Amino acid sequence: MIQDQFTQLTYTMSDKTEIVDYKGNPTLVSCLGCARENGEMERVGTVLTTEHFDAHQDFEIPISGFIIISSRRHLQSVDEFTNEEKLDFIDTLIAVRAGMRKALGIGTVYLVQEEDTSHHFHVWVFPRYDWMSEKFGKKTPSLRPIMEYARENLKTAENLQKVEEAVTKLKTYFEAK
């Protein structure tokens, strides 16, 4: 009986991954989206919440205006959306992109959706700033190096303030709508 409890505890703990937020706080989760939805972690950086989707500043990467749109229901792919989710998703995506352009002045974004992740459905709305192209070039292969650079070099008080200001500007933009 004790061995079975130990095996279960080990499995449960190994089923979770430690994720460190952009402020340096570690969180142990099996699915980041589910943890946000179930109240297992603080919903940091939320800018817009709809019936089916949550738009928030990326949890790990301190790039101002890097917004994640995640489904509130656990699923992996767009082909699992209900009809209501399909409509809500496109409306949310358009709203977030418009907010990024109008409230934050972000001219270009990359949209990325990966189905081979342990987290549930989410789309990156990744802003492109001049420093990114100058330092890493353009196109999608530059995203990982940019993210690693940000994770290691942009957790400064000054940059985290910019990230928080962008969250506030987007929230204000959506509240005014």
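Note that this is a predicted model, so its numbers are computed, not measured. (Residues numbered from 1 in each chain as written. Predicted model: local features only at pLDDT ≥ 70, side-chain atom pairs only at ≥ 80, totals over all residues. Heavy atoms only, no water.)

**A word on the overall build of the protein**
- Check the secondary structure of the protein and you find six helices and seven strands.
- Moving toward the C terminus, one meets the helices and strands of the protein in the order α-β-β-α-β-β-β-α-β-β-α-α-α.
- Within the span of the protein, comprising 177 residues, buried residues form 44% of the whole.
- Within the protein, residue pairs in contact and separated by at least 24 positions form 54% of the contacts whose partners lie at least 6 positions apart. (Helix = DSSP H or I, 4+ residues; strand = E, 2+ residues; numbered from the N terminus. Buried < 20%, exposed > 50% of the residue type's maximum accessible area, 1.4 Å probe, protein only. Contact = heavy atoms within 4.5 Å.)

**Quick word on the confidence of the model for the protein**
- Residue-level pLDDT values for the protein average 87, and 89% of them are 70 or greater.
- Mean pLDDT per element in the protein: helix H1 (residues 2-14) is the minimum at 38, and helix H3 (residues 83-104) is the maximum at 98.
- Note that residues 1-14 has pLDDT below 50 and, in this model, zero contacts with residues that lie over four places away or in other chains. (pLDDT = per-residue confidence, 0-100.)

**Things to note about the layout of surface pockets**
- By volume, the largest pocket amounts to about 450 Å³.
- Surrounding the largest pocket, 25 residues form its lining, Leu32, Glu60, His119, His122 and Trp124 being those nearest its centre.
- Those elements that place two or more of their residues in the lining of the largest pocket are strand E1 (17-20), helix H2 (32-37), strand E5 (67-71), strand E7 (122-127) and helix H5 (143-153). (1 Å grid on protein atoms, 1.4 Å probe; cavity = no way out; pocket = protein on both sides within 12 Å on 5 of 7 lines; lining within 4 Å. Points joined across faces, edges and corners; volume = space filled by probe spheres on them.)

**Remarks on the pattern of salt bridges**
- Considering all chains together, one arrives at five salt bridges under this definition.
- For glutamate 114, the salt bridge identified is with arginine 144, shortest N-O distance 3.6 Å. Here the residue glutamate 114 occupies a position in the loop between strand E6 (109-112) and E7, and arginine 144 occupies one in helix H5, the gap between them amounting to 30 residues.
- The exposure class of arginine 144 is partly exposed, given its relative accessible area of 44%.
- One salt bridge connects glutamate 148 with arginine 151, and the closest N-O pair in it is separated by 3.3 Å. Note that glutamate 148 and arginine 151 are positioned in helix H5 at a spacing of three residues, about one turn of the helix.
- Taken together, the shared-partner salt bridges connect Glu60, Glu148 and Arg151 into one network. (Salt bridge = Lys/Arg side-chain N within 4 Å of Asp/Glu carboxyl O.)

**What about the nonpolar core?**
- Val47, Ile67, Ile69, Phe89, Val96 and Val125 are the most contacted members of the largest nonpolar core, which has 21 residues in total.
- Where this core is concerned, the elements lending two or more residues are strand E3 (46-49), strand E4 (53-57), E5, H3, E7 and helix H6 (157-175).
- Setting aside residues no more than four positions away along its own chain, valine 125 makes contact with Gly65, Phe66, Ile67, Ile69, Leu93, Val96, Met100, Val109, Tyr110 and Leu111. (Core = buried A, V, L, I, M, F, W, Y, C linked by side-chain atoms within 4.5 Å.)

**Topic: the environment of isoleucine 67**
- Here isoleucine 67 lies in strand E5.
- C-alpha of isoleucine 67 to C-alpha of alanine 55: the two residues are twelve residues apart in sequence and 6.4 Å apart in space.

**Looking at the packing of H3 against H6**
- One way to put it is that H3 packs onto H6 with a least axis distance of 10 Å and a crossing angle of 115°. By the angle between their axes, H3 is roughly perpendicular relative to H6. Judged by the twist between their axes, the crossing of H3 over H6 is right-handed. Counting all contacts with H3, which are made through Ala95, Val96, Ala98, Gly99, Met100, Lys102, Ala103 and Leu104, the residues of H6 involved are Ala166, Lys169, Leu170, Tyr173 and Phe174.
- Across the contact of H3 with H6, the residue classes break down as ten nonpolar, one polar and two charged. (Axes fitted to C-alpha atoms, helices over the stretch in contact; angles between N-to-C directions. Parallel < 35°, antiparallel > 145°, perpendicular 65-115°, else oblique. Left-handed = near helix turned anticlockwise from the far one by under 90°. Nonpolar A, V, L, I, M, F, W, Y, C, P; charged D, E, K, R; others polar.)

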